[in-house]
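Per-entry structural report
Chain by chain, the residues run as shown.
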Amino acid sequence: MGALTLEFTDAQVAVLTIDCPGQKVNTLSRAVLEELDGIVTELESRSPAPHGLLLRSGKPGQFIAGADLNELAALVDATREQADEAIRAGHALFGRVARLPFPTVALIDGACMGGGTELVLCFDDRIASRSPKTKIALPEVKVGLIPGWGGTQRLPRLIGLHPAIEMITSGQPVDAARAEAVGLVFDAVPPEQLLDEGMRRLEWLAGQPWQQWRAHREQPLGLTDDQLQFAYAVSEGFLTSKTKRQYPAPHVALRAIRDGVNRPLSEALEVEREAALEVVGTPISGNLISVFFMSTRLNQDPGVTADVAPRSVGRVGVLGAGLMGSGIAAAHARRGIPTAMVDVDDERIRTGLQRARKVVESRIQIGRATTDDLVEMMALLSTSTSHAVFADCDVVIEAVPENEALKTALYRELADDLKADAILCSNTSTISITRMAQAAPAPDRFIGMHFFNPVDRMALVEVIRGEQTSDETAATIVALAKRIGKTPIVVKDCAGFLVNRILLPYMAEAVLLLLEGADMDRIDRIAERFGMPMGPIALHDYVGLDTAWAAGQVIAEAYADRALKPDALKALVDAGRLGKKSGAGFRRFDAKGRAQPDPEVESLLAPFRKEPREHTDEEIEDRLFLSMLLEAARCVEERVVREPAHVEMGLILGIGFPAFRGGILHWCDEMGAAAVVEKLKRYEPLGPRFAPPQILREQAASGGRFFPRRPSVAG
């Protein structure tokens, strides 16, 4: 059974339905495209010709998700010739769709992505359903590619230059209302009315000069050189501020638009083809495709290997209304989960509620939420100074300050207030879950649920299993995290868990480089050039030197054989220099929060200075990122996570590790383990922290890797 079904109504309208058998979503695989080729051939030669063509999906709420995933994976190793053949074939087939000898309308219900969007751009018109599932996008730049089947040229001719540049270079989807506003679709209607409205639109088109409109869309856009160059310059500047030119695809797509829109469509498609070939098969596109697959697998991961169903969660409690607690409470209430937030007094509660409101208010200001969303969230968020309100909560999340004695004392107090089968979570970032479980009412229903700050912006949640945590508990918290729009990664209990364990050696190495005489601006600049969102010295000031010192102490004690002690940080903390929040850390901050050099910090660091030495840029980069890599390798070796991909996604989501590198372990694979081990010999005199773990030595000897060369859907 094929994916495409062609039927004809009594009015001789052709209705083409796509419904890929055995799949949750429709994709444009090579087999589906071959089917489409055959149907187009039939329609081209049919006599008498149909009065029109409607394209629809046979899967309610799901239109076309884009390329087949396994075929997308194959692009990692595609040769230029293979990519060129695929692009030419797509152009030829979609061009034939665009030239069918009768009017055509696409009926979009659900996600319409990538090649699906490029297909419907070949139709004379489009109607979308008003379903919240309906999103239309050209997301290719997110995997290091550009739309290569006409998207960069047909979209500007349809909706105009500026909206097209925004959609193509960002890869972000538009909903049905926005699609209607920019002219991407003619109308947005209830899903059940799509077919009837499509019939009416075809009937109307039949009485209009649709052939002339088609011909017009194949002409140059007609912009003056000044208009085109101005639009390009402004967009290029904006893109550079976002990508730092480390992600080529948006820039290549923008150039394809610039060089193609003032040409006839046939010539413009050649411009697109040449541009698309620049990015297919490059290391960056390969890495971004790998990240896409890792993210897809992680979103499908139930968190446990056992066949255990997660429990239903109807109500959540949050203990603590501080910065993290209020963010966690808001995250649950925003997703429709009744939530109770508790703290010791009304003033803390009031401040927590203000923070929760600000989460939605800030989104209202940028058009991503409405006042109705705010009202609904506040209606679901109740507060109290009594633990008794937790009596009907299925899950209670503790989010009090990072003090083990305080946390465990509260767990003992909660014993009489929780439901008999309630799950108790801790938002701790460093403290042992196994150890704190001894104070919990039920160790098998105690687990870490570590959110990252700021909660409303950070997708990652570390789910930390103690030695006694049950599979059901882990599966339930993983499902709950997904329900509130987060990406959970299950982590074995160890000091620092996953992200902080890998991040803190990098931060400590940066401080040591500073104490050896490296300039802090230079250290930060080299890290940013590598792709980090900010340098490690700036990161200290951002997260707070007190927080970094406390976490560094945990790491130094747990891994005393190799970890650097954060003594210099303690001196700055004792002097009241906590970073941006106190107005001064490694740098001083002005009234607008901008960092400035501060000579006063030198006197505080002087007692900790090392023998001055010269550092090359290569050494600074090596020491920063090899520190990170070695700890990541140890996490894989110790099975802190169940697969290397979880390390990559933890760092990409948790600290902004550059996705264009694929992750820290992909960086190692790209260099080769043997080259990494050889490089480490240069730094082993600095201490045991640069000794390669066994897993790297074995890979160096065998030619092994953390990942196969080609990603796969199954992992």
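One numbering rule holds for all chains: residues counted from 1, following each sequence as written. Totals for whole chains, interfaces and linings use all residues, but because this is a predicted model, local features are given only for residues with pLDDT of at least 70 and pairs of side-chain atoms are given and counted only at 80 or more. By convention in this description, side-chain values take in all heavy atoms of the structure and omit both hydrogens and water.

To continue, consider the overall build of the protein chain. Each helix and strand counted, the protein chain has 30 helices and 20 strands in total. Scaling as 2.2 N^0.38, a compact globule of 715 residues should have a C-alpha radius of gyration of about 27 Å, and the protein chain matches this with 28 Å. Once the C-alpha set of the protein chain is aligned to its principal axes, its extents read approximately 85 × 60 × 55 Å. Across the 715 residues in the protein chain, those meeting the buried criterion constitute 55%. Secondary structure elements are defined from DSSP: runs of H or I of at least 4 residues count as helices, runs of E of at least 2 residues count as strands, and each element is numbered from the N terminus. Radius of gyration means the value over C-alpha atoms here, while the globule rule gives 2.2 Å times the residue count to the 0.38 power. Each residue is assigned to one of three classes by its accessible area relative to the maximum for its type, calculated with a 1.4 Å probe on protein chains only: buried under 20%, partly exposed between the two thresholds, exposed over 50%.

The next point concerns the environment of Gln553. By the element assignment, Gln553 lies in helix α23 (residues 545-558). By relative accessible area, Gln553 is classed as partly exposed at 25%. Distance in space between the C-alpha atoms of Gln553 and Ser362 is 36 Å, their sequence separation being 191 residues.

For the rest of this paragraph, the subject is the packing of aromatic side chains. What counts as a ring pair is set by centres within 6.5 Å for rings of Phe, Tyr and Trp (its six-membered ring), and what kind of pair is set by the plane angle: stacked under 30 degrees, edge-to-face over 60, tilted for all other angles. Considering all chains together, one arrives at eleven aromatic pairs under this definition. Taken together, a centroid distance of 5.6 Å and an interplanar angle of 80° make the contact between Phe292 and Phe293 edge-to-face. Taken together, a centroid distance of 3.7 Å and an interplanar angle of 15° make the contact between Phe530 and Phe625 stacked. Here Phe530, found in helix α21 (residues 520-530), pairs with Phe625, found in helix α26 (residues 617-637); they are 95 residues apart in sequence, far enough to count as distant. The exposure class assigned to Phe625 is buried, which follows from its relative accessible area of 0%. The rings of Tyr506, Phe530, Phe625, Phe657 and Trp667 are connected pair by pair, giving a single aromatic cluster.

Interhelical geometry of helix α29 (residues 673-680) versus helix α30 (residues 694-702) gives an angle of 120° and a closest axis separation of 7 Å. In terms of their interaxial angle, α29 and α30 are classed as oblique. The interaxial crossing formed by α29 with α30 has left-handed handedness. Of α30, the residues touching α29 (which contributes Ala673, Ala674, Val676 and Val677) are Leu696, Gln699 and Ala700. Grouping the constituent residues of the contact of α29 with α30 by class yields six nonpolar, one polar and no charged. Axis angles are defined between N-to-C directions and span 0 to 180 degrees, where every axis is a line fitted to C-alpha atoms and, for a helix, only to the segment in contact. For this classification, under 35 degrees means roughly parallel, over 145 means roughly antiparallel, 65 to 115 means roughly perpendicular, and everything else is oblique. Each crossing is labelled by how the near helix is turned from the far one, with a counterclockwise turn of less than a right angle marking it left-handed and a clockwise turn marking it right-handed. By definition in these notes, contact holds between two residues if any of their heavy atoms fall within 4.5 Å. Gly counts as polar in this scheme, as do all residues outside two lists: the nonpolar Ala, Val, Leu, Ile, Met, Phe, Trp, Tyr, Cys and Pro, and the charged Asp, Glu, Lys and Arg.

A few words on the domain arrangement of the protein chain. In this entry, domain limits derive from an automatic or database-based domain assignment. The assigned domain composition of the protein chain is domain 1 (4-281), domain 2 (316-493) and domain 3 (499-702). Placing a centre on the C-alpha atoms of domain 1 and another on those of domain 3 gives a separation of 44 Å.

What follows is about the pairing of strand β16 (residues 446-451). Taken across its six residues, β16 has six buried, putting it largely inside the fold. Residues Phe446, Gly448 and His450 point to one face of β16 and Ile447, Met449 and Phe451 to the other, with burial holding for every one of them. Of the pairings in the sheet, the one linking strand β15 (residues 423-426) to β16 comprises three bridges and is parallel in character. Paired with Cys425 across the bridge in β16 is Ile447. Paired strands, as defined in this entry, are two strands with at least two bridges between them according to DSSP. Two elements, β16 and strand β17 (residues 460-465), share five bridges in a ladder whose sense is antiparallel. Across the sheet, His450 pairs through a bridge with Glu462, a residue of β17.

It is worth spelling out the pairing of strand β14 (residues 395-398) at this point. Here β14 shows no split at all, with Val395 and Ile397 on one side and Val396 and Glu398 on the other all buried. In the sheet, strand β11 (residues 316-319) pairs with β14 via four bridges, with the strands oriented parallel. When the bridges of β14 are listed, Val316 appears paired with Val395. Where β14 meets β15, four bridges bridge the pair, whose relative direction is parallel. What sits directly across from Ile397, in β15, is Cys425. Consider the strands pointing away from the viewer: the crossover is right-handed when the path from the first strand over the helix to the second runs clockwise. Viewed along the sheet, the connection from β14 through helix α17 (residues 404-414) into β15 turns out right-handed.

Turning to the sheet that holds strand β7 (residues 125-129), a few remarks are in order. The strands making up a sheet associate through backbone hydrogen bonding, with each pair oriented either parallel or antiparallel. Read across the sheet, six strands follow the order β1-β2-β3-β5-β7-β10 without closing on themselves; strand pairing throughout is mixed. The outermost strands of the open sheet, each flanked by one partner alone, are β1 (4-8) and β10 (187-189). Averaged over all adjacent pairs, the angle separating strand axes in this sheet is 20°, with direction ignored. Of the pairings in the sheet, the one linking β7 to β10 comprises three bridges and is parallel in character. The residue bridging Ile127 from the neighbouring strand is Asp187, located in β10. Sitting on the sheet, helix α1 (residues 30-45) is in contact with β1, β2 (13-18) and β3 (52-57), with an inclination near 20° to β1.

Note on soluble globular proteins: their nonpolar side chains tend to be buried together. Formed by 100 residues in total, the largest nonpolar core has its most connected members in Phe586, Phe625, Met628, Val647, Phe657 and Ile664. Of the domains in this structure, domain 2 (316-493) and domain 3 (499-702) are the two that each give at least three residues to this core. With residues near it in sequence (within four places) discarded, Ile664 still touches Phe625, Met628, Leu629, Ala632, Val647, Glu648, Leu651 and Phe657. Nonpolar cores are built from buried Ala, Val, Leu, Ile, Met, Phe, Trp, Tyr and Cys residues. Side-chain atoms within 4.5 Å join them into one set. One finds Leu55, Ile168, Val174 and Val185 within the second-largest nonpolar core, a separate group that totals 78 residues.

It is worth spelling out the pattern of salt bridges at this point. Salt bridges are counted wherever a side-chain nitrogen of Lys or Arg sits within 4 Å of a carboxyl oxygen of Asp or Glu. As enumerated under the stated definition, the model contains 55 salt bridges in all. Glu361 is the partner of Arg357 in a salt bridge, and the nearest nitrogen-oxygen pair spans 3.2 Å. Pair noted here: Arg357 and Glu361 are both in helix α15 (residues 346-365), with a separation of four residues, about one helical turn. By relative accessible area, Arg357 is classed as partly exposed at 33%. Put simply, Asp524 and Arg587 hold a salt bridge, and the shortest N to O gap is 2.9 Å. Here the residue Asp524 occupies a position in helix α21, and Arg587 occupies one in the loop between α24 (567-574) and β19 (588-589), the gap between them amounting to 63 residues. Arg587 gets classed as buried once you look at its relative accessible area, which sits at 8%.

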